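Tertiary structure, described
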Amino acid sequence: MTVNLEVSEGVGTIRLDRPPMNALDIATQDRLRELAAEASDRDDVRAVILYGGEKVFAAGADIKEMQRMDHTAMVKRSKGLQDAFTAVARIPKPVVAAVTGYALGGGCELALCADYRIAADNAKLGQPEILLGLIPGAGGTQRLARLVGPSKAKDLIFTGRHVRADEALTIGLVDRVVPAAEVYEQAHAWAAKLAQGPALALRAAKECVDAGLEADIDTGLAIERNWFAGLFATEDRERGMRSFVEEGPGKAKFV
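In this report, the structure presented in the accompanying data block is examined. (Residues numbered from 1 in each chain as written. Predicted model: local features only at pLDDT ≥ 70, side-chain atom pairs only at ≥ 80, totals over all residues. Heavy atoms only, no water.)

Let us look at the sheet that holds strand 5 (residues 102–104). Strand order in this open sheet of three strands is 5-7-8, and the pairing throughout is mixed. Every interior strand has two partners, whereas the edge strands, strand 5 and strand 8 (162–164), have only one. Taken pair by pair, the neighbouring strands of this sheet meet at an average axis angle of 20°, ignoring direction. Of the pairings in the sheet, the one linking strand 5 to strand 7 (residues 124–126) comprises three bridges and is parallel in character. From the neighbouring strand, Y102 faces strand 7, where its bridge partner is K124. (Pairing = 2+ DSSP bridges. Helix = DSSP H or I, 4+ residues; strand = E, 2+ residues; numbered from the N terminus. Axes fitted to C-alpha atoms, helices over the stretch in contact; angles between N-to-C directions.)

Okay, structure coming up:
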C-alpha cells in the first residue's frame, strides 16, 4: 500500500509510503481518501498525524502519470483529486502534519489540509505548478490563500518558488519549526495530548472554525451557538465542570 494507517494510544498516523519522494499518484490519492474516512469513523482514533517519513513529506503529484492525461481525462479525474484532499481536511478530529524534507505541489496541499503544521528545520514547501504551465488543483489556490492571505499565496503560486522552513513560519504556512529528527515526536506529542481531550468538543471546535470561515459572521455565530448549547448534553461537559469545581482547572479526565 502507498498509504497506511497506524493507530496507537488514540493517535492515528496516516503514513505516505511511496519511495523515493512519495509522489501522489491516483492510487495514492484514492488510498488517502479511504484512510481519511476510516480515521474519521474509528472510535480508537482521536487525533491524526499526516507523515511522509524521515526524509520527505511528499514532493508533489506523479508528473509522469499526469503527462499521459489529456483534458478529457483530467476533467474526469480532478474532482477525485480534490475529494481525496477534502476528505483529509474534513476529518472531524485534530490533525497535525509532520513535514520533513519536501512538501511541494500536492504535498504542500496535503499539509494545508491539517489543522496544525510542524516542519523540520530543513523542510521546503511550495506550489510549483506554475512551472509546469498549471495551477494548484488539489485545493492550493483556496486553502493557501485562506491560511497566509491572498498576496502571500499569489506570490508563492505565481512564482512557484520553494519556501524554507523559517520563511514558512514567518508567513504562517507552518506553525512550528523543530530539528528534523524531532518532527514526528513533536507531532505525536501534540496529537497525543489532544487525544486525551473531550472528543465531541474538539469536533465542535473544528467544525465551528472551519464552517465559520466559509460563512458570514451571523451564520458563524449561529453554528457556534448551536454546538455550544449542544455540548451541555454530553458526559464530558459534566465531567469537565465537576472536575473544575471540585479539583480546579485542567484535571478532568474525559471519556
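Past the structure itself, the notes keep going.
Given a rise of 1.5 Å per residue, 14 residues ought to cover 20 Å, and the 20 Å separating the end C-alpha atoms of helix 10 (residues 217–230) matches this to within 8%. Where helix 10 begins, the capping side chain belongs to D216, and its oxygen is found 3.1 Å from the backbone nitrogen of D218. (Expected span 1.5 Å × (residues − 1). Polar contact = N/O pair within 3.5 Å; in protein donor to acceptor, adjacent residues only side chain to side chain.)

If you trace the six strands from one edge of the open sheet to the other, you get 1-2-3-4-6-9, paired in mixed fashion. Lying at the two open borders of the sheet, with one neighbouring strand each, are strand 1 (3–8) and strand 9 (176–178). Between one strand and the next, the sheet's axes are offset by a mean angle of 20°, whatever the strand orientation. Pairing between strand 1 and strand 2 (residues 11–16): six bridges, direction antiparallel. Counted as the bridge partner of N4 is R15 from strand 2. Here helix 1 (residues 26–41) sits on the sheet in contact with strand 1, strand 2 and strand 3 (47–51), set at roughly 25° to strand 1. (Contact = heavy atoms within 4.5 Å.)

All right, on to the packing of aromatic side chains then. Following the criterion strictly, the structure yields three aromatic pairs and no others. For the ring pair Y51 and Y184, a centre distance of 4.7 Å and an interplane angle of 40° mean the geometry is tilted. One end of the pair, Y51, is in strand 3; the other, Y184, is in helix 8 (residues 183–195), and 133 residues separate them in sequence. According to the relative accessible area criterion, Y184 is partly exposed, its value standing at 27%. (Phe/Tyr/Trp six-rings, centres within 6.5 Å; stacked < 30°, edge-to-face > 60°. Buried < 20%, exposed > 50% of the residue type's maximum accessible area, 1.4 Å probe, protein only.)

Another point: the side chain of R77. Tracing the backbone shows R77 in helix 3 (residues 71–89). Given a relative accessible area of 14%, R77 falls into the buried group. Filtering out sequence-adjacent residues up to four positions away, R77 remains in contact with I26, Q29, D30 and M69.

Enumeration according to the criterion identifies 14 salt bridges in this entry. Close ionic contact of D30 with R77 constitutes a salt bridge, the shortest N to O distance being 3.0 Å. Linking D30 in helix 1 with R77 in helix 3, this pair joins segments that are 47 residues apart in sequence. Residue K79 is joined to D83 by a salt bridge in which the shortest nitrogen-to-oxygen separation is 2.9 Å. With K79 and D83 both in helix 3 and four residues apart, the pair spans about one turn of that helix. In this structure D83 comes out as partly exposed when scored by relative accessible area, which is 31%. (Salt bridge = Lys/Arg side-chain N within 4 Å of Asp/Glu carboxyl O.)

Let's shift gears to the packing of helix 5 (residues 140–148) against helix 6 (residues 150–159). The interhelical angle for the contact between helix 5 and helix 6, taken along N-to-C directions, is 135°, at an axis separation of 7 Å. Taken together, helix 5 and helix 6 sit at an angle that is classed as oblique. Our pair here, helix 5 against helix 6, has a crossing hand that is right-handed. Counting all contacts with helix 5, which are made through G140, T141, L144, A145 and V148, the residues of helix 6 involved are P150, K152, A153, L156 and I157. Taken together, the residues that form the contact of helix 5 with helix 6 break down as seven nonpolar, two polar and one charged. (Parallel < 35°, antiparallel > 145°, perpendicular 65-115°, else oblique. Left-handed = near helix turned anticlockwise from the far one by under 90°. Nonpolar A, V, L, I, M, F, W, Y, C, P; charged D, E, K, R; others polar.)

Burial analysis of strand 4 (residues 95–99) places five of its five residues in the buried class, which makes it a mostly covered element. Here strand 3 pairs with strand 4 via four bridges, running parallel. For I49, the partnering residue across the bridge sits in strand 4 and is V96. Bridge analysis of strand 4 against strand 6 (residues 116–120) gives four bridges, and the strand direction is parallel. Paired with V99 across the bridge in strand 6 is A119.

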